[in-house]
Amino acid sequence: MPETLLFWSAMTSLTGGSHAQITPVVDPCGLRISGEIDRDTRPCLARALTWAVAACKGDVHLNLGDLHFIDAAALRLIANVAAELPAPRRLILDPVPPLARRLLSLLGWRVSGDMRLYTPINGRSRPGPHDAPPITPGEPGS
């Protein structure tokens, strides 16, 4: 147990002008991410995502509601984790701040109405290992 506590105390990163707090969440299993995720705090996010994938037996939930900034490389990291989860597991983003949603869209990714993250394959956004109906324009998450 002390190792777990040590791990989570290391999840708060304060480097240079960047500050991020990444907190484990039990129900639903996953992480609450707040502050700023950039090149200084991205390694902390990578460690936390690795832990969450191992610790959560089903879907991995990311609460991004208190995120103030996230760079494109951090979103790529999250999308790669989503794409590599074995079916039927999913990475679920809820809530997703407008900035992150816009960046995901610019990078060719999208969050569906059920908050699944869809990653681009061969230039087209598709469910990856998880089947889901297509999103219609105007639907939340499109």
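Coordinates for the structure precede this section.
Cut-offs and rules
- Residues numbered from 1 in each chain as written.
- Predicted model: local features only at pLDDT ≥ 70, side-chain atom pairs only at ≥ 80, totals over all residues.
- Heavy atoms only, no water.
- Helix = DSSP H or I, 4+ residues; strand = E, 2+ residues; numbered from the N terminus.
- Buried < 20%, exposed > 50% of the residue type's maximum accessible area, 1.4 Å probe, protein only.
- Contact = heavy atoms within 4.5 Å.
- Areas by Shrake-Rupley, 256 points an atom, 1.4 Å probe, with all protein chains shown as cover.
- Pairing = 2+ DSSP bridges.
- Right-handed = clockwise from strand over helix to strand, strands pointing away.
- Expected span 1.5 Å × (residues − 1).
- Arc of directions from axis to C-beta.

1. With respect to the overall build of the protein chain
Thought 1: For the protein chain, the count of helices and strands is four helices and eight strands.
Thought 2: What you see in the protein chain, going N to C, is helices and strands ordered as α-β-β-β-α-β-α-β-α-β-β-β.
Thought 3: Across the 142 residues in the protein chain, those meeting the buried criterion constitute 39%.
Thought 4: In the protein chain, of all internal contacts separated by at least 6 residues, the share reaching a separation of at least 24 is 58%.
Thought 5: For the protein chain, the accessible area works out to roughly 7700 Å², and carbon and sulfur atoms hold 58% of it.

2. Observations regarding the environment of G35
Thought 1: Examined against the element boundaries, G35 turns out to sit in strand β3 (residues 30-37).
Thought 2: Measuring from C-alpha to C-alpha, the distance between G35 and D66 comes to 6.6 Å, with 31 residues separating the pair along the chain.
Thought 3: Those residues in contact with G35 that sit more than four places away from it in its chain are H19, A20, D66, L67, H68 and F69.

3. Notes on the pairing of strand β4 (residues 60-70)
Thought 1: Bridge count for β3 against β4 is seven bridges, and the pairing is parallel. Across the sheet, the residue bridging to R32 is N63, located in β4.
Thought 2: Handedness of the β3-helix α2 (residues 42-55)-β4 crossover: right-handed.
Thought 3: In this fold, β4 hands off to helix α3 (residues 72-84), which returns the chain to strand β5 (residues 91-93); that crossover is right-handed.

4. Things to note about α2
For the α-helix, the turn length of 3.6 residues means that residues three or four positions removed from each other point alike.
Thought 1: Taking 1.5 Å per residue, 14 residues should reach 20 Å; α2 reaches 20 Å between its end C-alpha atoms and fits that length.
Thought 2: Within the sequence span of α2, burial applies to C44, L45, A48, L49 and A52. One side of α2 carries all its buried residues, which in axial view fall inside an arc of 135 degrees. Along α2, the residues that are exposed and aim more than 90 degrees away from the buried face are T50 and A54.

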